[in-house]
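One-letter residues, chain by chain:
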Amino acid sequence: MFKLAFYDEADYTDLQYDLDKGQASFTSTFSQAFERTKNSPQDSAYVISVLKNDIPTGFFVLDFGEDKYELSDNPKCVLFRSFSINPNFQGQGLGKKAVMKTDDFLQKYFPDCDEIVLAVNERNIPAKQLYLKCGYQFDGKMRLITNGRQYILSKKIKF
Ligand SMILES: CC(C)(COP(=O)(O)OP(=O)(O)OC[C@H]1O[C@@H](n2cnc3c(N)ncnc32)[C@H](O)[C@@H]1OP(=O)(O)O)[C@@H](O)C(=O)NCCC(=O)NCCS
């Protein structure tokens, strides 16, 4: 069974997977994401575990802090970041399910949130395709960071 859940300490070991160099350049490791979340103002960012049959197979961060304003002016939006699926579980549809189920998760736990925003590297074709298939839209906005150009994508949450 597929589920999204707030990160639990018991998930730690399973989330210590490595991505190959190419994929790693597009996202953060669990430890990096967890540290950044821990150092964020209280209740501004949360690590979410992607569970298959209760096994942690990936994670992402829902970030309600100031960084989202680099992508959007909407105070009610959330920044979806640091997303990955363990390579041993990639290609099974888990990434797509995680992105699709994030809307319900937000509705349940963060009902004030009305939009999800994210940035994806222009070279990261699989991730970009995934987001577009899941209803994210590109309205022409891009940004340049040290790692290259990123598309800014967003999705309004319909409750
Ligand atoms: C992006 C990522 C999360 C996808 O996870 P996943 O579980 O393998 O994805 P899914 O199996 O659900 O595939 C979903 C869609 O992704 C796209 N996709 C996946 N692999 C692809 C590939 N090699 N080439 C093109 N598109 C691909 C397809 O559109 C696919 O949809 P389809 O099955 O209908 O064809 C995973 O590849 C990953 O962890 N990548 C490294 C980190 C990363 O890039 N994170 C995103 C940062 S913005």
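Residues numbered from 1 in each chain as written. Predicted model: local features only at pLDDT ≥ 70, side-chain atom pairs only at ≥ 80, totals over all residues.

**Student:** Lay out the overall build of the protein chain in plain terms, naming residues and giving numbers.
**Tutor:** Scanning the protein chain from N- to C-terminus turns up four helices and seven strands. In the protein chain, the succession of α and β elements from N to C terminus is β-α-α-β-β-β-α-β-α-β-β. A globule of 159 residues ought to have a C-alpha radius of gyration of about 15 Å, and the protein chain, at 15 Å, matches this closely. Overall, the protein chain is about 35 × 35 × 30 Å in size when its C-alpha atoms are taken along their principal axes. Per-residue burial over the protein chain gives 30% buried out of 159 residues. Here the contacts in the protein chain between residues at least 6 apart in sequence split such that 64% fall between residues at least 24 apart. (Helix = DSSP H or I, 4+ residues; strand = E, 2+ residues; numbered from the N terminus. Rg over C-alpha atoms; globule rule 2.2 N^0.38 Å. Buried ≥ 20, exposed ≤ 12 C-beta atoms within 10 Å, placed from the backbone. Contact = placed C-beta atoms within 7 Å.)

**Student:** Go over helix α3 (residues 94-109) with me, naming the residues and quoting the values.
**Tutor:** An ideal rise of 1.5 Å per residue puts 22 Å on 16 residues; α3 measures up with 21 Å between its terminal C-alpha atoms. Within α3, the axis deviates most sharply at Lys101, by approximately 35°. Along α3, the positions that sit buried rather than exposed are Gly95, Ala98, Val99, Thr102 and Leu106. (Expected span 1.5 Å × (residues − 1). Bend = angle between axes of the 7 residues up to and from the residue.)

**Student:** So what's going on with the site of the ligand? Which residues, and what values?
**Tutor:** For the ligand, the set of nearby residues contains 22 residues, the closest of which are Ser84, Gln90, Gly95, Lys96 and Pro126. Secondary-structure elements contributing two or more residues to the shell around the ligand are β4 (77-85), α3 and α4 (125-133). If you tally residues by element for the shell around the ligand, the top one is α4, at six residues. The residue inventory of the shell around the ligand, partitioned by class, reads 10 nonpolar, 10 polar and two charged. (Near = placed C-beta within 6 Å. Nonpolar A, V, L, I, M, F, W, Y, C, P; charged D, E, K, R; others polar.)

**Student:** An account of the sheet that holds β4 is needed here, citing residue identities and associated values.
**Tutor:** Pairing in this open sheet of seven strands is mixed, and the strands run β1-β2-β3-β4-β5-β7-β6 from one edge to the other. What marks the edges here is a single partner per strand, and that holds for β1 (2-6) and β6 (137-145). Pairwise comparison of adjacent strand axes, ignoring direction, gives a mean angle of 30° for this sheet. Where strand β3 (residues 55-63) and β4 come together, five bridges link them in antiparallel fashion. In the strand pairing of β4, Gly58 is matched with Ile85. In the packing of α3 onto the sheet, contacts are made with β1, β2 (45-52), β3, β4 and β5 (115-121), and the angle to β1 comes to roughly 55°. Contacting β5 and β7 (148-156), α4 crosses the sheet at an angle of about 155° to β5. (Pairing = 2+ DSSP bridges. Axes fitted to C-alpha atoms, helices over the stretch in contact; angles between N-to-C directions.)

**Student:** Break down the nonpolar core for me, citing the residues and quoting the values.
**Tutor:** With 32 residues, the main nonpolar core has Phe59, Phe60, Leu62, Val78, Phe80, Leu118 and Tyr131 as its most contacted residues. Broken down by secondary-structure element, the contributors of at least two residues to this core are α2 (30-38), β2, β3, β4, α3, β5, α4 and β7. (Core = buried A, V, L, I, M, F, W, Y, C linked by C-beta atoms within 7 Å.)

**Student:** Account for the packing of α3 against α4, with residues named and values stated.
**Tutor:** Helix-helix packing is characterised by the crossing angle of the two axes and by the distance between the axes. Two elements in contact, α3 and α4, have axes whose closest approach is 10 Å; the angle formed by their N-to-C orientations is 45°. With respect to α4, the element α3 is oriented oblique. For the element pair α3 and α4, the recorded crossing hand is right-handed. The segment α3 lies against α4, with Gly95, Lys96 and Val99 engaging Leu130, Tyr131 and Lys133. (Parallel < 35°, antiparallel > 145°, perpendicular 65-115°, else oblique. Left-handed = near helix turned anticlockwise from the far one by under 90°.)

**Student:** Now, about the environment of Gln23: what can you tell me, with residues and values included?
**Tutor:** Tracing the backbone through its elements, the reader meets Gln23 in helix α1 (residues 21-24). Remark: the alpha-carbon pair of Gln23 and Asn124, spanning 101 residues in sequence, is separated by 8.2 Å.

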